[in-house]
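# Results of the structural survey
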Amino acid sequence: MAWLSSSMFLLSEAGVLAKQYLERGLLVPDHVITRVMMAELEKRREQHWLLDGFPRTLGQAKALDGICELDLVISLNIPFETLKDRLSARWVHPASGRVYNMDFNPPHTQGIDDLTGEPLVQREDDRPEAVAARLRKYKDAAKPVIELYKSRGILHSFSGTETNKIWPYVYTLLSSKIPPVLSEEEH
């Protein structure tokens with residue numbers, strides 16, 4: 001099964017355009033992110049895949065309906081303050097893209113990349129004010145999508161503040177819906 005996140009495709013032509021929005025702390029417009037994701041999903045029609053962060057709007061959901069029928073949708077309900085705190089604690093090494101979180105994955109020396117010794121930076125869109133604004137926009141845009149998938153009976157919601165407490169429930173659901181992936185040795 002392929003795991004696909006919209007951020008994985010930022011090197012494509014549309015992805016470069018999307019990156020310009022992300023770097024300014026803005027949500028990527030529907031027509032841009034939809035173009036990026038539809039192109040990638042068309043290539044993977046015969047595969048199982050897990051989408052992360054897509055669709056986020058009703059327009060994106062309708063475009064997705066045009067190429068596939070979803071088996072299930074997972075919504076993680078995490079308190080606003082928890083999300084804001086986690087995203088605001090994110091720092092990056094610009095040259096490599098390595099990401100650190102000052103709360104649960106800090107560098108060995110604060111503000112310094114572990115591998116190169118170069119300074120870390122906090123992206124403008126990871127500053128607390130920008131994160132709060134982005135989360136509010138996301139919540140407003142995602143609400144109709146959540147309602148759509150709820151009405152179809154394919155939405156599964158999980159609530160919590162800690163990954164290690166939510167993940168076992170998500171894993172159990174996924175395991176019940178998706179055939180196990182066998183390694184080469186198991187074939």
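Structural notes, computed from the coordinates. (Residues numbered from 1 in each chain as written. Predicted model: local features only at pLDDT ≥ 70, side-chain atom pairs only at ≥ 80, totals over all residues. Heavy atoms only, no water.)

### Things to note about the side chain of Gln60
Positionally, Gln60 belongs in helix H3 (residues 58-65). Engagement of the side chain of Gln60 in a polar contact is seen with the backbone nitrogen of Arg56, the distance being 2.6 Å. Excluding residues within four positions of it along the chain, Gln60 makes contact with Asp30, Ile33, Thr34, Phe54 and Pro55. (Helix = DSSP H or I, 4+ residues; strand = E, 2+ residues; numbered from the N terminus. Polar contact = N/O pair within 3.5 Å; in protein donor to acceptor, adjacent residues only side chain to side chain. Contact = heavy atoms within 4.5 Å.)

### A word on the pattern of salt bridges
For the structure on display, the rule yields ten salt bridges. Put simply, Asp65 and Arg152 hold a salt bridge, and the shortest N to O gap is 2.7 Å. Highlighted residues: Asp65 in helix H3 and Arg152 in the loop between helix H5 (128-151) and strand S6 (155-159), separated in sequence by 87 residues. Since its relative accessible area comes to 32%, Asp65 is described here as partly exposed. For Arg152, a relative accessible area of 41% translates into the label partly exposed. Notably, a salt bridge pairs Asp113 with Arg98, separated by 2.8 Å at the nearest N-O pair. Of this pair, Asp113 sits in the loop between strand S5 (99-101) and H5 while Arg98 sits in the loop between strand S4 (90-92) and S5; the two residues are 15 residues apart in sequence, bridging distant segments of the chain. Taking relative accessible area as the criterion, Asp113 reaches 2% and is therefore assigned buried. When salt bridges with common partners are traced through the structure, they connect Arg90, Arg123, Asp126 and Arg134 into a single cluster. (Salt bridge = Lys/Arg side-chain N within 4 Å of Asp/Glu carboxyl O. Buried < 20%, exposed > 50% of the residue type's maximum accessible area, 1.4 Å probe, protein only.)

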